[in-house]
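# Architecture and fold: a report
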Number of protein chains: 2
Amino acid sequence: MKFTVAQLNYHIGNFNRNKELICNAITKAKAEGSDLIIFSELCIPGYPPLDLLDRLDFIAKCSQSVNEIAKECTGITAIIGSPTLNKNAEGKKLFNSALVLAEGEIIFSANKALLPTYDIFDEYRYFEPENRFSLFTFKGLKLAITICEDLWDEQPFDNEFEKSRLYTVSPMEELAKQSPDIIINISASPFSYSKTEAKEKIFRSKAVKYQIPVISVNQTGANTELIFDGASIIVNKKGEVFKQLPFFEEAVETFSFEELLTGTIAVNIAKPTAIPLIHKALVTGIRDYFTKTGFKSSIIGLSGGIDSAICLCLAAEALGNENVRALLMPSRYSSAHSVTDAVALAKALNVRYDIVSIEKPFNAFEEELAPLFEGKERDITEENIQARIRAVLLMAVSNKQGCILLNTSNKSEAAVGYGTLYGDMAGGLSVIGDVYKTDIYRLADYINRNREIIPANTITKMPSAELRPDQLDSDSLPDYTTLDTILYQYIELQKPAQRIIDEGSDPETVYKVIKLINFNEYKRYQAPPVLRISSKAFGAGRRMPLVFYLF
Amino acid sequence: MKFTVAQLNYHIGNFNRNKELICNAITKAKAEGSDLIIFSELCIPGYPPLDLLDRLDFIAKCSQSVNEIAKECTGITAIIGSPTLNKNAEGKKLFNSALVLAEGEIIFSANKALLPTYDIFDEYRYFEPENRFSLFTFKGLKLAITICEDLWDEQPFDNEFEKSRLYTVSPMEELAKQSPDIIINISASPFSYSKTEAKEKIFRSKAVKYQIPVISVNQTGANTELIFDGASIIVNKKGEVFKQLPFFEEAVETFSFEELLTGTIAVNIAKPTAIPLIHKALVTGIRDYFTKTGFKSSIIGLSGGIDSAICLCLAAEALGNENVRALLMPSRYSSAHSVTDAVALAKALNVRYDIVSIEKPFNAFEEELAPLFEGKERDITEENIQARIRAVLLMAVSNKQGCILLNTSNKSEAAVGYGTLYGDMAGGLSVIGDVYKTDIYRLADYINRNREIIPANTITKMPSAELRPDQLDSDSLPDYTTLDTILYQYIELQKPAQRIIDEGSDPETVYKVIKLINFNEYKRYQAPPVLRISSKAFGAGRRMPLVFYLF
């Protein structure tokens with residue numbers, strides 16, 4: 001007897017496309033003689049549908065799609081994920097359901113009980129938690145069908161203030177009482193470089209605890225800022241990895257239940273390391289943002305610095321060099337190498353570039369503003385004007401050519417507000433806004449692993465915004481190693497200032513950095529969506545008041 | 001025996017300031033011979049603290065503040081709101097608690113059971129719901145202490161797809177079994193012009209249902225986009241309004257328990273209408289954004305149109321005319337009246353204004369971009385450049401003078417994306433981004449109720465962006481009455497397109513508008529925070545995927 005794991009890349013709200021993907025996988029599984037095909041959580045609408053779930057017409061479309069897919073399930077059974085109506089008089093209007101389809105019918109359903117409502121997750125916003133649990137018997141096999149978080153009744157959080165036991169119910173403990181043969185977990189679990197090991201551990205530990213195999217099916221591909229790594233995993237009853245599907249790629253693979261249940265076969269999987277995974281995640285994030293919005297081409301402001309260089313490399317890989325163009329916008333403060341380094345990179349990638357000076361608009365603004373600024377010293381205002389002129393130029397090309405401006409700010413500068421709102425903070429998508437500067441260098445080394453694509457000078461020179469003479473980032477910020485250490489402890493680990501100091505950071509620097517982080521919430525509020533690769537990215541996963549007093 | 005209602009304006013995270021406010025109210029209550037003083041939900045940290053609740057140091061500060069306030073409670077008992085630690089091994093780490101303080105001690109606590117997690121509310125993100133309920137006996141009176149949503153086990157939603165019974169528990173039903181004498185409800189309930197009546201109804205209906213009085217205490221003032229109307233209400237056991245505190249103002253008032261319990265006194269309250277309330281809400285929203293961020297002055301781009309006119313009036317009222325300045329930035333496409341109308345308004349309000357032309361920067365940009373745009377027609381690109389030049393000028397003044405740019409986009413144009421990102425969509429705070437254009441006219445009439453402040457011509461002329469010759473909003477959009485009807489039904493009421501059509505709107509227009517709304521999510525993602533006055537504002541209360549297919 002065989003089962004198929006379908007790890008697919010869904011498009012939110014694109015019911016026809018998702019249905020087609022699902023039906024193609026069903027056809028393939030049938031051809032391979034499979035008895036059961038398993039899709040991922042909320043595969044019908046695509047995940048996360050967010051407030052589209054509040055719309056009656058959206059839910060009706062889900063239901064229609066489920067019925068149509070059920071008709072395709074002839075001679076095969078499918079487990080799919082969809083929102084379903086909660087028909088009880090009380091409670092939230094929906095359930096997050098796993099539905100079992102066969103011969104045109106929904107023959108079984110299981111609803112999610114543990115609804116993640118933290119970081120980027122808002123599931124209790126939409127769904128009623130289930131509190132009754134039963135197994136689905138399939139050709140003599142008793143299947144415990146669970147949905148993502150249902151297996152995460154105990155989990156590690158990066159913020160140690162969090163409880164590891166976030167829920168008062170354990171769906172798997174309830175199901176275990178009914179003696180299942182296999183655990184099935186359908187999920188939509190976004191990538192975070194610090195979580196890949198934790199995920200595997202959860203599945204392995206559940207297999208060992210209940211002494212039965214676990215089949216986990218994740219989606220892949222990106223939806224706006226969230227990138228799903230796929231990496232669906234099958235674990236035997238000893239907790240050994242039986243099979244893992246690829247990272248960030250679609251895959252439909254068929255396996256034998258008997259082989260999985262005998263528990264003798266275990267495959268050694270090469271563990272991918274963080275930087276290559278982050279690289280692949282970001283490429284996936286860019287690619288899917290364009291594919292799914294129907295855009296083809298992008299524009300990037302290329303400064304000769306390392307951040308825009310990395311973004312250009314990632315965009316060229318995601319979209320093809322012919323769909324990326326660069327704009328070089330030197331000013332009176334730009335060093336000579338900023339143009340030569342940028343040109344060298346554009347040539348190495350075979351990307352079209354243009355050079356436009358910002359001098360004339362800058363002079364025009366200075367002239368117009370002179371009467372208003374009489375008697376005032378030059379200050380950060382003039383630096384910001386330059387950055388904003390560049391945004392006007394980039395957005396003009398974006399508007400005229402129908403290409404999307406990619407934002408090149410990194411997480412370190414976004415954290416401390418070292419960037420100009422409506423200037424270098426502009427763009428449709430922030431490519432590296434969740435990557436600390438110190439990791440940017442690691443990405444550069446990885447991109448250059450076979451040949452020098454990013455010029456060595458771009459990597460080795462001192463970072464500078466080049467908005468005033470001889471300016472260096474280090475004039476206003478601690479060195480990036482020091483800065484990133486504090487940022488990571490404050491943002492990802494959410495440690496109190498005193499803890500960070502006690503663990504070795506300089507008190508004055510810690511307080512200065514924390515003040516900058518908090519003062520600049522208003523800037524990040526208006527930043528583009530950030531491709532998320534960490535456990536705590538700026539954006540929907542980190543909801544801070546804009547107006548508050550730094551206690 | 002007396003009780004005091006303390007309706008105060010808290011500052012998130014400003015523990016010393018909040019404590020001072022609370023202690024001053026306690027002092028006043030003592031002087032008035034009060035026995036019990038009641039504050040609002042989460043008054044200790046200020047509401048909503050959002051992800052500050054994820055920080056251990058923030059919670060420690062709350063606890064410290066509670067202990068300090070308890071020491072002030074000599075000869076008086078206080079009910080305050082604070083997060084407290086959930087000491088159980090399982091569940092969320094916090095409770096949303098009402099704590100009773102007396103003689104230096106916490107003598108009773110009640111935790112919130114119904115955790116609103118919809119629209120702008122995320123309470124299950126932080127708090128564990130309580131499932132045990134008991135009364136607090138105070139000098140012989142049995143008090144049912146509830147927290148905000150705890151009384152809203154049944155409620156009307158604007159989206160009729162929502163269930164009116166969102167919860168499977170009813171805290172008040174449980175408490176009623178223990179025969180309370182009075183219901184106390186501490187809340188932090190944000191203003192929405194469509195909810196004021198519903199709120200009053202809830203309290204009146206609970207009083208009637210349980211045949212006991214209800215004392216409800218709300219906070220006032222604004223925190224970023226959320227504006228709290230106060231309007232704390234006391235209802236006798238017949239469901240008549242015994243007393244209502246003012247809208248949008250602090251108030252500390254003392255009443256007699258005996259008078260409330262005898263249930264004979266009922267006061268007729270004049271019901272405020274929507275437009276004056278919205279006006280007061282927006283003034284409060286601006287004022288508190290500035291007061292609480294420590295900024296004093298603002299700048300507004302004044303076009304001669306009605307939107308910026310309204311914003312200037314509101315800002316002048318909130319901040320004082322001396323703290324508001326206007327920038328007039330005419331272009332070759334501006335009509336003569338755009339400057340004269342703007343000047344007339346600035347003079348009527350006695351607000352400083354400057355006129356800066358955008359011609360020179362516009363020419364400079366056109367010149368620089370000419371080689372890139374060779375052979376291309378003029379299009380929306382050039383319109384956007386003009387809007388962005390204005391943003392550069394406004395932000396330059398903002399940066400140089402340390403004043404905050406107020407955004408003047410209305411809800412109708414934000415909805416359909418009729419605005420330029422990094423152009424007229426720029427600003428630190430969107431003043432009227434939750435007010436439909438048709439209500440903008442009503443606000444103008446209200447502002448002009450005593451004398452003509454906004455020039456009649458500003459109100460009567462056809463709306464235009466003036467970015468190309470003879471442009472009118474009506475060239476690209478349906479008339480605003482038609483547009484706003486569709487927008488309201490789609491956004492607030494979340495009706496399916498077909499329902500809106502069935503109820504009388506033109507199908508082609510409905511589909512066009514819905515397409516525009518959904519296509520422009522990416523623009524609104526980067527918009528400033530919007531002062532919220534409706535039941536569904538753009539921003540945190542409406543979470544849409546940016547990348548999705550319009551099903």
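Residues numbered from 1 in each chain as written. Chains lettered and ligands numbered in written order. Predicted model: local features only at pLDDT ≥ 70, side-chain atom pairs only at ≥ 80, totals over all residues.

## Focus: the overall build of chain A
To keep things clear, this is the line we draw: Numbering of helices and strands starts at the N terminus; helices are DSSP runs of H or I of at least 4 residues and strands are runs of E of at least 2. Radius of gyration here is computed from C-alpha atoms only, and the compact-globule reference equals 2.2 Å multiplied by the residue count raised to the power 0.38. Exposure in this text rests on C-beta crowding, where 20 or more other C-beta atoms within 10 Å of a residue's own make it buried, 12 or fewer make it exposed, and counts in between make it partly exposed. The C-beta atoms are placed from the backbone. We call two residues in contact when their backbone-placed C-beta atoms lie within 7 Å.
Summing up its helical and strand segments, chain A has 18 helices and 19 strands in all. Radius of gyration (C-alpha) of chain A: 26 Å, near the 24 Å computed for a compact globule of 551 residues. Along the first, second and third principal axes, the C-alpha atoms of chain A reach 85 × 50 × 50 Å. Per-residue burial over chain A gives 57% buried out of 551 residues. Considering only contacts within chain A whose residues lie at least 6 apart along the sequence, 73% involve residues at least 24 apart.

## What to know about the packing of helix 7 (residues 306-319) of chain B against helix 12 (residues 437-447) of chain B
Residues and elements named next belong to chain B. Applicable threshold: Fitted lines through C-alpha atoms give the axes, limited to the stretch in contact for helices. The angle between two N-to-C directions lies from 0 to 180 degrees. Roughly parallel refers to an angle under 35 degrees, roughly antiparallel to one over 145, roughly perpendicular to one between 65 and 115, and oblique to any angle outside these ranges. A crossing counts as left-handed when the near helix is turned anticlockwise from the far one by less than a right angle, and as right-handed when that turn is clockwise. When residues are sorted by character, Ala, Val, Leu, Ile, Met, Phe, Trp, Tyr, Cys and Pro go into the nonpolar class, Asp, Glu, Lys and Arg into the charged class, and all the rest, Gly among them, into the polar class.
In contact at an axis separation of 10 Å, helix 7 and helix 12 are set at 45° when each is read in the N-to-C sense. With respect to each other, helix 7 and helix 12 are oriented oblique. Of the two possible hands of crossing, helix 7 and helix 12 adopt the one that is left-handed. Taking contact as the criterion, the partners of Ile306, Asp307, Ile310 and Cys313 in helix 7 are, on helix 12, Ile440, Leu443, Ala444 and Ile447. Looking at the contact of helix 7 with helix 12, its residues break down into seven nonpolar, no polar and one charged.

## Description of the sheet that holds strand 16 (residues 324-328) of chain B
Residues and elements named next belong to chain B. This is how it is decided: By this definition, two strands are paired if DSSP reports at least two bridges between them.
Spatial strand order, 17-16-15-18-19: five strands in an open sheet with parallel pairing. Of all the strands in the sheet, the pair left with one neighbour each is strand 17 (352-355) and strand 19 (429-430). As paired strands, strand 16 and strand 17 are joined by four bridges and run parallel to one another. Across the sheet, the residue bridging to Ala326 is Tyr353, located in strand 17. Against the sheet, helix 8 (residues 336-349) makes contact with strand 16 and strand 17, and its axis sits at roughly 170° relative to strand 16, the strand it touches most.

## What to know about the interface of chain B and chain A
By convention, interface size is frequently given as the accessible area that disappears when the constituent parts associate. At the junction of the two partners, chain B supplies 86 residues and chain A supplies 85 residues. Sorting the residues of the side of chain B that touches chain A by element identifies helix 2 (56-72), helix 6 (274-293), helix 9 (359-373), helix 10 (380-401) and helix 18 (521-525) of chain B as the ones contributing at least two each. When residues in the side of chain B that touches chain A are grouped by element, the largest group, 14 residues, is from helix 10 of chain B. Of the residues belonging to the side of chain B that touches chain A, the class tally is 46 nonpolar, 17 polar and 23 charged.

## Some words on the packing of helix 1 (residues 15-31) of chain B against helix 2 of chain B
Residues and elements named next belong to chain B. Between helix 1 and helix 2, the shortest axis-to-axis distance is 10 Å and the interhelical angle comes to 20°. Judged by the angle between their axes, helix 1 and helix 2 are roughly parallel. For the pair helix 1 and helix 2, the sense of crossing is right-handed. Residue-level contacts link Phe15, Lys19, Ile22, Cys23 and Ile26 of helix 1 to Lys61, Ser65, Glu68, Ile69 and Glu72 of helix 2. The class makeup of the residues in the contact of helix 1 with helix 2 is five nonpolar, one polar and four charged.

## Quick look at the sheet that holds strand 18 (residues 404-407) of chain A
All names here are of chain A. Here we have five strands laid out as an open sheet, ordered 17-16-15-18-19, and parallel in their pairing. Of all strands in the sheet, those with a lone pairing partner are strand 17 (352-355) and strand 19 (429-430), marking the two edges. Pairing geometry for strand 15 (residues 298-301) and strand 16 (residues 324-328), over four bridges, is parallel. Counted as the bridge partner of Gly301 is Leu327 from strand 16. With respect to the sheet, helix 10 (residues 380-401) is in contact with strand 15, strand 16 and strand 18, its orientation differing from that of strand 15 by roughly 165°.

## Comments concerning the environment of B:Lys30
Residue and element names in this part refer to chain B. Tracing the chain through its elements places Lys30 in helix 1. According to the C-beta neighbour criterion, Lys30 is partly exposed, with 17 such atoms within 10 Å. With 44 residues separating them along the chain, Lys30 and Thr74 place their C-alpha atoms 9.0 Å apart. Each residue touching Lys30, except ones within four places of it in the same chain, is listed here: Gly75 and Ile76.

## Some points on the relation of the copies chain B and chain A
Going by this rule: Copy-to-copy superposition: least squares on the C-alpha atoms, limited to residues that have pLDDT of at least 70 in both copies.
Note on the identical chains: chain B maps onto chain A by a rotation of 180° and an axial translation of 0.0 Å, with an RMSD of 0.0 Å. Here the two chains are linked by the operation of a two-fold rotation axis. Within chain B, the C-alpha atom positioned nearest to the axis of rotation is that of B:Gln526, 2.1 Å from it. A shared binding surface is used by both copies, with 99% of the interface residues of chain B retained as interface residues in chain A.

## As for the domain arrangement of chain A
All names here are of chain A. Convention followed: Boundaries of every domain are those given by an automatic assignment or by a domain database.
For chain A, the assigned domains are domain 1 (2-272) and domain 2 (278-470). The gap between the C-alpha centroids of domain 1 and domain 2 is 39 Å. Between domain 1 and domain 2, the residue contacts involve ten residues of the former and eight residues of the latter. If you list the elements that add at least two residues to the side of domain 1 that touches domain 2, you get strand 10 (220-223) and strand 11 (226-229).

## Let's talk about helix 7 (residues 306-319) of chain A
Rule in force here: Expected span of a helix: the number of residues minus one, times 1.5 Å.
If you check helix 7 of chain A, its first and last C-alpha atoms are 20 Å apart, about what 14 residues at 1.5 Å a residue would give, namely 20 Å. Burial analysis of helix 7 of chain A places 13 of its 14 residues in the buried class, the great majority of the element.

## Considering the confidence of the model for chain A
Interpreting fine coordinate detail is not advised for predicted regions of low pLDDT. Condition: A score from 0 to 100, pLDDT tells how confident the predictor is in each residue.
Mean pLDDT for chain A: 96, with 99% of residues reaching 70 or above. What the predictor reports for the complex is a pTM of 0.97 with an ipTM of 0.96.

## Some points on unusual backbone geometry
For the peptide bond that leads from A:Tyr47 to A:Pro48, omega is 0°, which places it in the cis range. Here A:Pro48 lies in the loop between strand 2 (36-38) and helix 2 (56-72). The residue A:Phe248 is not glycine, and still its phi comes out positive at about 60°. Summarising the element assignment, A:Phe248 is placed in the loop between strand 13 (241-244) and strand 14 (251-256). In the Ramachandran plot, B:Ala231 falls in the positive-phi region, its phi being about 55° despite a non-glycine side chain. When you line up the elements, B:Ala231 lands in the loop between strand 11 (226-229) and strand 12 (233-235).

## Digging into the pairing of strand 5 (residues 105-111) of chain B
Residues and elements named next belong to chain B. When strand 4 (residues 94-102) meets strand 5, the two strands line up antiparallel, connected through six bridges. Counterpart to Val100 in the pairing with strand 5 is Phe108. Here strand 4 folds back onto strand 5, and the loop between the two strands holds two residues, one of which, Glu103, carries a positive phi near 50°.

## Here's the deal with the environment of B:Glu68
With respect to the helices and strands, the residue B:Glu68 is situated in helix 2. Considered as a pair, B:Glu68 and B:Ala231 are 163 residues apart in the sequence and their alpha carbons are 28 Å apart.

## Focus: the pairing of strand 13 of chain A
All names here are of chain A. As paired elements, strand 12 (residues 233-235) and strand 13 share three bridges and run antiparallel to each other. Bridge assignment links Val235 to a residue of strand 13, and that residue is Val241. Where strand 12 folds back onto strand 13 in an antiparallel hairpin, the turn is made up of five residues, including Gly239, whose phi is positive at roughly 85°.

## Comments concerning helix 4 (residues 196-210) of chain A
Residue and element names in this part refer to chain A. For the record, the criterion: By construction, the arc corresponds to the directions joining the helix axis to the C-beta atoms.
In this model helix 4 runs 22 Å from its N-terminal to its C-terminal C-alpha over 15 residues, within 8% of the 21 Å that 1.5 Å per residue would give. Listed in full, the buried residues belonging to helix 4 are Lys199, Ile202, Phe203, Lys206 and Ala207. Along the axis of helix 4, the buried positions cluster into a sector of 125°, meaning they face one direction only. Contacts from the buried residues of helix 4 go to helix 3 (171-176), strand 8 (182-186), strand 9 (214-217) and strand 12.

## Structural notes on the environment of A:Ala336
With respect to the helices, strands and loops of the structure, A:Ala336 is situated in helix 8 (residues 336-349). Each C-alpha atom, one on A:Ala336 and one on A:Asn321, is 25 Å from the other, the two residues being 15 residues apart in sequence.

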